[in-house]
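Descriptive structure summary
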Amino acid sequence: LFFVASDLLRVSIGRWFNTPVREILENSEAIAENAQELAAVDAQRAAAEIAQGIESGGIEALDRALAHARRFHNIELAGVYPSGVHMPLDHAPRAPIHEVSEPPASFFTEVYETGAARKIDVGASGKWIRTAVPVKGQGSAPMTAIAGVFLPNRVSRMIDQNIIAQNNFQQLDS
């Protein structure tokens with residue numbers, strides 16, 4: 001009777017605590033992934049708005065389009081690349097812009113082939129999520145509108161740790 005009772009108690013306690021931990025870790029992973037995805041969506045919307053501003057107002061509307069995107073979207077970086085050539089970027093004064101590398105040629109190729117591209121750069125002080133869309137109708141040279149969101153280390157570390165914790169739990173649970 002003692003062995004049956006102790007085994008029943010052990011299994012019951014395991015079930016009581018296993019389900020909430022699983023749910024908590026699954027929920028935290030979903031929140032972490034959604035936070036990163038929301039940042040990318042904000043950047044994509046801003047890049048699309050920059051492209052639309054240039055498409056409707058011409059290259060003369062560039063500064064206005066960049067400033068508007070930075071003011072009304074939750075982004076730290078806005079810019080345009082004509083034919084993959086870097087132009088000055090509009091960025092938040094405190095954003096660690098020096099940590100952002102130039103996008104490779106394959107990034108611009110993806111923009112023109114698929115209509116958008118996303119690049120994540122991990123720097124010393126956080127993670128940059130950049131998205132780009134093509135600017136249509138601006139002469140023969142293709143242009144790309146880019147917007148970026150910066151996730152400071154404390155935020156990106158929490159996101160990454162939640163995803164890792166869920167993956168580790170899934171390995172232990174199987």
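Here's a quick rundown of the structure.

The rules behind the values
- Residues numbered from 1 in each chain as written.
- Predicted model: local features only at pLDDT ≥ 70, side-chain atom pairs only at ≥ 80, totals over all residues.
- Heavy atoms only, no water.
- Buried < 20%, exposed > 50% of the residue type's maximum accessible area, 1.4 Å probe, protein only.
- Helix = DSSP H or I, 4+ residues; strand = E, 2+ residues; numbered from the N terminus.
- Arc of directions from axis to C-beta.
- Contact = heavy atoms within 4.5 Å.
- Polar contact = N/O pair within 3.5 Å; in protein donor to acceptor, adjacent residues only side chain to side chain.
- Salt bridge = Lys/Arg side-chain N within 4 Å of Asp/Glu carboxyl O.
- Pairing = 2+ DSSP bridges.
- Axes fitted to C-alpha atoms, helices over the stretch in contact; angles between N-to-C directions.
- Core = buried A, V, L, I, M, F, W, Y, C linked by side-chain atoms within 4.5 Å.
- Phe/Tyr/Trp six-rings, centres within 6.5 Å; stacked < 30°, edge-to-face > 60°.

Quick look at helix H3 (residues 105-114) now. Along an α-helix, residues three or four apart share an orientation, since each turn contains 3.6 residues. Among the residues of H3, those classed as buried are Phe107, Phe108 and Val111. Along the long axis of H3, the arc covered by the buried residues comes to 95°, so they all point the same way. Facing away from the buried side of H3 by more than 90 degrees, the exposed set consists of Ala105, Ser106, Glu113 and Thr114. Turning to H3, the residues buried within the fold contact strand E1 (77-82), strand E3 (117-122), strand E4 (126-135) and strand E5 (143-152). Immediately downstream of H3, the backbone of glycine 115 shows phi near 95°, a positive value.

Turning to the side chain of lysine 119, a few remarks are in order. Relative to the elements of secondary structure, lysine 119 occurs in strand E3. Polar side-chain contacts of lysine 119 include one of 2.8 Å to the side chain of aspartate 121. What lysine 119 contacts, discounting residues up to four positions off in sequence, is Ser101, Pro103, Pro104, Phe107, Trp128, Ile129 and Arg130.

Let us now look at the pattern of salt bridges. Within this structure, the stated rule accounts for three salt bridges. A salt bridge links aspartate 121 to lysine 119; its shortest N-O distance comes to 2.8 Å. Judged by relative accessible area, aspartate 121 falls into the buried class, the value being 9%. One salt-bridge network, held together by shared partners, links Lys119, Asp121 and Arg130.

Moving on, we get to the sheet that holds E4. With respect to topology, five strands assemble into an open sheet ordered E2-E1-E5-E4-E3, the strand pairing being antiparallel. Lying at the two open borders of the sheet, with one neighbouring strand each, are strand E2 (90-91) and E3. Alignment of E3 against E4, held across six bridges, turns out to be antiparallel. Note that in E4 the partner of alanine 117 across the bridge is alanine 132. Across the sheet, helix H2 (residues 62-72) lies against E1 and E2, angled at about 150° from E1, the strand it touches most. Running at roughly 115° to E5, H3 makes contact with E1, E3, E4 and E5 of the sheet.

This part covers the nonpolar core. Of all hydrophobic cores here, the largest spans 27 residues; its most connected members are Ile50, Ile54, Ile75 and Val80. If you list the elements that add at least two residues to this core, you get helix H1 (2-57), H2, E1, E4, E5 and helix H4 (153-173). Ranked by residue count, the leading element in this core is H1, at nine residues.

Before going further, it helps to spend a moment on the pairing of E3. Here E3 shows a clear split, with Ala117, Lys119 and Asp121 buried on one side and none of Arg118, Ile120 and Val122 buried on the other. The antiparallel hairpin formed by E3 and E4 contains three residues in its connecting segment.

Now for the packing of aromatic side chains. Enumeration according to the criterion identifies three aromatic pairs in this entry. On the basis of an interplanar angle of 80° and a centroid distance of 5.7 Å, the ring pair of phenylalanine 107 and phenylalanine 108 is categorised as edge-to-face. What makes phenylalanine 107 buried here is its relative accessible area of 5%. With 5.1 Å between their ring centres and 50° between their planes, tryptophan 128 and phenylalanine 150 make a pair best called tilted. Separated by 22 residues along the polypeptide, tryptophan 128 in strand E4 and phenylalanine 150 in strand E5 bring together distant segments of the chain. The pair tryptophan 128 / phenylalanine 150 is uniform in exposure class, with both members buried. Among the aromatic residues, those joined into a cluster by ring pairs are Tyr81, Phe107 and Phe108.

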